[in-house]
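# Residue-level structure breakdown
Single-letter residue listing:
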Amino acid sequence: MSVAVAADEGLAVATRGLRKTFRTLRGTRVAVHGLDLDVPAGGVHGFLGPNGSGKTTTIRMLLGLTPADRGTMHIFGTQVPQRLPAVVGRVGAIVESPKFFPTFTGERNLSLLADAIGTPRARVGEVLDSVGLGDRGHDRFRSYSLGMKQRLAIAATLLKSPDLLIFDEPTNGLDPAGISEIRRTMRRLGDEGRTVLVSSHILSEIEQIADTVSIIGRGRVLAQGSVAGLIGGGGETVEVGVRHPGAAVRILREAGFTAEWMARPRGHDAVEGLAGYDRSEESGRLTVTGAEPAEITRLLGEQGLWVDRLVPSRRGLEQIFLELTAGEGLTPPSSSPAPSGPAEQA
């Protein structure tokens, strides 16, 4: 499944045939396998996949921190890492742990960094305001919450006013309030016209803020395109409550609809008038895609199956991931934040 994004024009990041392997005690491990990634310029792009799927390795290759085995990479049309110095001024990234002086204020930390990269100190107040730390700039870094520390790291990337921001798992270890703060900051940066590439294993989080996404598994792209296009591509899904879902699935499939049933057997009970269908009384989750609720009710009622629940729902990114990886043994990314350390800066 793929919603195509233009391969050549309007791209902030493009990779073709990207491959990276690592040697381990058990042999060679392929971290990135022929990755063709397209990140449109402008807006928020979610780079999604389970832990270990190759997201961080890809980002490190883009930034020249890890060499690729083969393949090509371009940032704003400039080939990297060969010509990275020509474009690095347009890029800000957080990939490893923030390096700030704990006893210095947020403002002092950023002022030292501004001096080091040749940026006017006047930018410090601007970037603090842009991440919502304007009133906390005079507080010491060690007094900041995890969310504030992460926002200070984002402010540091903004000192040189980059066109592309790359954030690797920026909400790891944050509480719900911190996650909300970072989410609003990334969305605001995307609305300013910058390109925000954010990697995450939390699908629901990215679904709320991203304009476009790339979903990867085992180091390769499984799907990419607009969030609306990917989620809407299969039509509306309806969860159906019915006493005999096994029979309902067959009826709906024969009518040309996509019906899936995850069942838990509970016993057996003959159902009159359902010759040729599964007669067992079972419970589970029956979902139907591509059919209107009224049509589902009519089709099942004509066969003596009475619906007691119809819950329309939009397909989410997690469901799409599960569809794409069915049979491959991939563990889906999380639907909620997992406790871990904060994202790192480089």
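The following paragraphs examine the structure supplied in this document.

What counts, and at which threshold
Residues numbered from 1 in each chain as written. Predicted model: local features only at pLDDT ≥ 70, side-chain atom pairs only at ≥ 80, totals over all residues. Heavy atoms only, no water. Helix = DSSP H or I, 4+ residues; strand = E, 2+ residues; numbered from the N terminus. Buried < 20%, exposed > 50% of the residue type's maximum accessible area, 1.4 Å probe, protein only. Contact = heavy atoms within 4.5 Å. Areas by Shrake-Rupley, 256 points an atom, 1.4 Å probe, with all protein chains shown as cover. Pairing = 2+ DSSP bridges. Axes fitted to C-alpha atoms, helices over the stretch in contact; angles between N-to-C directions. Salt bridge = Lys/Arg side-chain N within 4 Å of Asp/Glu carboxyl O. Phe/Tyr/Trp six-rings, centres within 6.5 Å; stacked < 30°, edge-to-face > 60°. Lys NZ or Arg CZ within 6 Å of the ring centre and 35° of its normal. Arc of directions from axis to C-beta. Lys, Arg positive; Asp, Glu negative; His and termini not counted. Parallel < 35°, antiparallel > 145°, perpendicular 65-115°, else oblique. Left-handed = near helix turned anticlockwise from the far one by under 90°.

A separate point is the overall build of the protein chain. Per the secondary structure count, the protein chain includes 11 helices and 14 strands. In the protein chain, which comprises 346 residues, the share counted as buried stands at 47%. Excluding contacts between residues fewer than 6 apart, the proportion of contacts in the protein chain whose partners are at least 24 apart in sequence is 71%. By element, 50% of the accessible surface of the protein chain is carried by carbon and sulfur atoms, the whole surface being about 16,100 Å².

Okay, the sheet that holds strand β5 (residues 78–80) next. Across the sheet, 4 strands lie side by side as β2-β1-β4-β5; this open sheet has antiparallel pairing. The strands lining the two open edges of the sheet, one partner per strand, are β2 (27–40) and β5. Direction aside, neighbouring strands of the sheet carry axes that sit 30° apart on average. The pairing of strand β1 (residues 11–24) with β2 spans 10 bridges and is antiparallel. Within the sheet, the bridge partner assigned to Thr-21 lies in β2 and is Val-30. With respect to the sheet, helix α1 (residues 55–62) is in contact with β1, β2, β4 (70–75) and β5, its orientation differing from that of β1 by roughly 115°.

Moving on: the pattern of salt bridges. Applying the stated criterion to the full structure yields 14 salt bridges. Here Asp-211 makes a salt bridge to Arg-187, at a shortest N to O gap of 3.2 Å. Of this pair, Asp-211 sits in the loop between α7 (203–209) and β9 (212–217) while Arg-187 sits in helix α6 (residues 176–191), and the two are 24 residues apart along the sequence. Via salt bridges that share partners, Arg-187, Asp-191 and Asp-211 belong to a single interconnected network.

Okay, the packing of aromatic side chains next. Applying the stated rule across the entire model yields 3 aromatic pairs. Taking the centre distance of 5.1 Å and the plane angle of 50° together, the rings of Phe-100 and Phe-141 count as tilted. Taken together, the positions of Phe-100 in the loop between β6 (91–94) and α3 (106–117) and Phe-141 in the loop between α4 (122–130) and α5 (146–158) put the pair 41 residues apart, joining distant regions of the chain. Phe-141 shares its class with Phe-100; the two are buried. Considering the side-chain rings of Phe-101 and Phe-104, the 5.0 Å spacing of their centres and the 40° angle between planes classify their relative orientation as tilted. Phe-104 sits in the partly exposed class, given a relative accessible area of 30%. Taken together, the aromatic side chains of Phe-100, Phe-141 and Tyr-144 make up a single cluster linked through ring pairs. Seen from the ring of Phe-76, Arg-90 lies directly overhead, with NZ or CZ sitting 3.9 Å from the centre. The aromatic ring of Phe-104 is capped on one face by Arg-108, whose charged end is 5.8 Å from the ring centroid.

This next bit is on α4. Along α4, the positions that sit buried rather than exposed are Arg-123, Val-124, Val-127 and Leu-128. Seen from one end, α4 has its buried residues packed into an arc of 135°, which puts them on one side. Along α4, the residues that are exposed and aim more than 90 degrees away from the buried face are Ala-122 and Asp-129. Just downstream of α4, Gly-132 is the residue with a positive phi angle, here 75°.

Another point: the side chain of Arg-19. Mapped onto the elements of the fold, Arg-19 is located in strand β1. Of the side chains with opposite charge, Asp-69 comes closest to the buried, unpaired Arg-19, at an N-O distance of 5.0 Å. Non-local contacts of Arg-19, meaning those with residues more than four positions away in its chain, are made with Val-30, Val-32, His-33, Gly-34, Met-61, Ala-68, Asp-69 and Arg-70.

Moving on, we come to the packing of α3 against α4. In contact at an axis separation of 9 Å, α3 and α4 are set at 130° when each is read in the N-to-C sense. It follows from the interaxial angle that α3 and α4 lie oblique. Read as a crossing pair, α3 and α4 show a hand that is right-handed. Listed contacts from α4 to Glu-107, Leu-110, Ser-111 and Ala-114 of α3 are Val-124, Val-127 and Leu-128.

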